[in-house]
Amino acid sequence: MQTFLTALFTGTSHGAIYALVALGLVLVWRGAGLINFAQMGQAMFSAYIASTIINHHINYWWAFIVAIIAGGALGGAIDVLVIRPLKKKSGSSILSSPSMRDAIPVIASLGILGILQSAAGMIWAGEERGFPAPVSTLGLSIGKRAMPFTRFDIFVIVLIWLILIATTLLLNKTSVGLAMRASALNMEVARLSGIRTRSIRTLGWILSGSLASVAGLMVAPATNVSPNSLDLLMIIGFTACVIGGLNSLWGSVTGAFILGLTISFINIYDAPGDVFLGIFAILIAVMIFRPSGLFAKGKARNV
Amino acid sequence: MLKIENLTVNFDANSALDNVSFSAEVGKITTVIGANGAGKSTLLRTISGLKAPKSGSITWRDSELVGMRPEAIVRAGVALVPEGHAVIPELTIDENIRMGALFRLRKAKSDVTTAIAEMYELFPQLADRRKAPSSTLSGGERQMLAIARALVSRPEILLLDEPSLGLAPLIVKQIIGIIEELCRKSGLTVLLVEQNANTALDVADHGVLLALGKVVADRPAKDLRADVSLREAYLGY
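Residues numbered from 1 in each chain as written. Chains lettered and ligands numbered in written order. Predicted model: local features only at pLDDT ≥ 70, side-chain atom pairs only at ≥ 80, totals over all residues. Heavy atoms only, no water.

1. What to know about the side chain of E162 of chain B
Item 1. The residue E162 of chain B is located in the loop between β7 (157-161) and α7 (169-186) in this model.
Item 2. For E162 of chain B, the contacting residues outside a window of four places in its chain are K40, E83, Q143, V193, E194 and Q195 of chain B. (Helix = DSSP H or I, 4+ residues; strand = E, 2+ residues; numbered from the N terminus. Contact = heavy atoms within 4.5 Å.)

As structure tokens, this is what we get:
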């Protein structure tokens, strides 16, 4: 029983982190129509910044806030400096075919990932750094009973659920949220309604960058920080989006929790080596039976 | 006055505009009629900034619209209801209407509330189902919603692209009636593009006939309505 509960809590807490990654990807996908492969590179970069701050004996929470701002700023900068100019050139011959127009920003995001990882390597000498957690990551006991979770698990789950709820409220209950949804669903009608879709899109990039940074900080105590330390998180987050359906916010979040639990149960009951087999099996099953994702309405895109 | 001068737009072969000039008087209904592919939609999309012209100028109240972004043109008081019941079906009816007023929230919050209430008075069919997704609406109701979305921004000039397309005659009558009333009572300037020439010329003050991207007639609507030979030549009836 104890083992089962441990797997359940670990899975939920990891699933929550994947959910943030997935949410960040969905926000950019719906706003700008591309998978931002640089997302966890941005998070890695801001985790290094946070780590530098903490190394100067400044409070964890200041580092936390700076990392969130840095992640958002990087996201916004990528949109303004790279993606916007690329869209502007859509009249040039290489961008005249629709498939190239879709592919080029994605390739650009891979390039940005490379730049961020190299830059982190140059600035911080590519060293692997330990990263603290704000609360204990060791087994928690109440009275004499060992609990199946740690303080940090609870912290992660609560923090991320608050973020998920806040994001949902932002999108569904505020004017900015309405503008974001309208721009994502039908850019032309949104523009004809006077919505500045370009700024709204940048806002999506900023939000996505900040969410990814939080995810990075939550996973860093376990993985440490190095230029490639968040690559795996990106792969899992992207898989969660594919499982849940890229167009569906809560679908992707659910996909993330499914993956978190699957990974955790395989880790504990089977062997860590089978984790990727498990992820792959789920991915293939979804691609065969529900290619547009478990929770997506509408049809899959022809690739 | 909306003034269009020597406007040339390249689009695909059969819906371009070739050196088009005419103007629409403030507080009047001007209609642009013509057969399919005459360039009517291209004209409205160019005025709204969705298409860049090759040359020429479009001025509204002496400010140049060419080169402005669509969202800025809306903010300047020029609203378009595009062809085909342009609403966002995934959003609720209320959200679709509110969307049109978002940009005015900061400066005129109380007027936005008034404007939204006015829309529900104007189109009572929409008022009962505010929270329903607009995908549940009929074609006519969607067109009303699209018009409400444009009107809630309190435009000075409303551009309508084929509002009657695919709708039952009774609904068309209601919609055209509302537009006419808005023009006569509150001085809204209207530029109405229609394939259904008779309906449009009946309500309009002025008519412009487009054929293959060129203006072939620019006269008071009554004269155009009476000119049988011209209509037979260009519209086929």
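Continuing now.
2. Things to note about the interface of chain B and chain A
Item 1. Tallying the contact residues gives 22 residues for chain B and 18 residues for chain A.
Item 2. Note on chain B versus chain A: buried area summed over both sides is about 1,900 Å², and carbon and sulfur give 60% of it.
Item 3. Where chain B packs against chain A, one counts three salt bridges.
Item 4. The residue R45 of chain B makes a salt bridge to E188 of chain A at a minimum N-O spacing of 2.8 Å.
Item 5. On the surface where chain B and chain A come into contact, there are six residue pairs in polar contact (both at pLDDT 80 or more).
Item 6. Tallying contributions element by element places helix α2 (residues 70-75) of chain B first for the side of chain B that touches chain A, with four residues.
Item 7. A class-by-class count of the residues in the side of chain B that touches chain A yields twelve nonpolar, two polar and eight charged. (Buried area = accessible area lost by both parts, 1.4 Å probe. Salt bridge = Lys/Arg side-chain N within 4 Å of Asp/Glu carboxyl O. Polar contact = N/O pair within 3.5 Å; in protein donor to acceptor, adjacent residues only side chain to side chain. Nonpolar A, V, L, I, M, F, W, Y, C, P; charged D, E, K, R; others polar.)

3. Things to note about a nonpolar patch on the surface
Residue and element names in this part refer to chain A.
Item 1. A contiguous nonpolar patch, built from M1, F4, L8, I268 and Y269 and spanning about 500 Å² of accessible area, is present on the exposed surface.
Item 2. Secondary structure elements with two or more residues in the nonpolar patch: α1 (2-32) and α10 (249-269).
Item 3. Looking at the secondary structure, you find F4 in helix α1. (Patch = residues over 30% accessible without salt bridge, like charges linked within 9 Å, V, L, I, M, F, W, Y side chains within 5 Å. Areas by Shrake-Rupley, 256 points an atom, 1.4 Å probe, with all protein chains shown as cover.)

4. As for the nonpolar core
Soluble globular proteins tend to pack their nonpolar side chains together in the buried interior.
Item 1. The biggest cluster of nonpolar side chains holds 88 residues, and the ones touching the most others in it are M40, L217, M218 and L233 of chain A.
Item 2. With 14 residues, the single largest contributor to this core is α1 of chain A.
Item 3. Once residues lying within four places of it in the same chain are set aside, the contact partners of L217 of chain A are A47, A50, Y60, F64, A67 and F131 of chain A.
Item 4. Core analysis: the next-biggest nonpolar cluster, separate from the first, contains 49 residues, V87, I116, Y120 and L192 of chain B among them. (Core = buried A, V, L, I, M, F, W, Y, C linked by side-chain atoms within 4.5 Å. Buried < 20%, exposed > 50% of the residue type's maximum accessible area, 1.4 Å probe, protein only.)

5. A few points about the packing of aromatic side chains
Residues and elements named next belong to chain A.
Item 1. A complete count under the given rule lists 14 aromatic pairs over all chains for this structure.
Item 2. Seen from their ring centres, F9 and F149 are 4.6 Å apart, and the 55 degrees between their planes marks the pair as tilted. Pair noted here: F9 is in helix α1 and F149 is in strand β2 (residues 145-150), with a separation of 140 residues, a long-range link.
Item 3. Classification of F149 as buried rests on a relative accessible area of 16%.
Item 4. Look at W61 and F64: their rings are 5.3 Å apart centre to centre, the planes differ by 65 degrees, and that puts the pair in the edge-to-face class. One end of the pair is W61 and the other is F64, both in helix α3 (residues 60-88) and three residues apart, which spans about a single turn.
Item 5. Given a relative accessible area of 40%, W61 falls into the partly exposed group.
Item 6. Classification of F64 as buried rests on a relative accessible area of 9%. (Phe/Tyr/Trp six-rings, centres within 6.5 Å; stacked < 30°, edge-to-face > 60°.)

6. Side note on the sheet that holds strand β9 (residues 206-211) of chain B
Residue and element names in this part refer to chain B.
Item 1. Judged by pairing direction, the sheet is mixed, and its six strands sit side by side in the order β6-β7-β8-β3-β9-β10 without closing on themselves. The two strands at the open ends of the sheet, each matched to only one other strand, are β6 (78-81) and β10 (214-220). Taking the axes of each pair of neighbouring strands and ignoring which way they run, one obtains an average angle of 15 degrees across the sheet.
Item 2. Across five bridges, the pairing between β7 and strand β8 (residues 189-194) is parallel. Each residue of the ladder has a partner; that of L158, found in β8, is V190. (Pairing = 2+ DSSP bridges. Axes fitted to C-alpha atoms, helices over the stretch in contact; angles between N-to-C directions.)

7. Quick notes on the side chain of S193 of chain A
Item 1. Considering the arrangement of structural elements, one finds S193 of chain A in the loop between α7 (187-192) and α8 (197-223).
Item 2. Looking at S193 of chain A, its side chain comes within polar contact range of the main-chain oxygen of V189 of chain A, at 2.8 Å.

8. Here's the deal with the sheet that holds strand β5 (residues 63-64) of chain B
Item 1. The strand order across the open sheet built from four strands is β2-β1-β4-β5 (chain B), with neighbouring strands paired in antiparallel fashion. Because the sheet does not close on itself, it has two edges, and the strands there are β2 (17-24) and β5 of chain B.

9. As for the packing of α3 of chain A against α8 of chain A
Each pair of packed helices gets described by two things: the angle between the helix axes and the distance between those axes.
Residues and elements named next belong to chain A.
Item 1. At a closest axis distance of 7 Å, the pairing of α3 and α8 adopts a crossing angle of 140 degrees. In terms of orientation, α3 lies oblique with respect to α8. Crossing hand, α3 versus α8: right-handed.
Item 2. Per-class residue counts for the contact of α3 with α8 are twelve nonpolar, nine polar and five charged. (Parallel < 35°, antiparallel > 145°, perpendicular 65-115°, else oblique. Left-handed = near helix turned anticlockwise from the far one by under 90°.)

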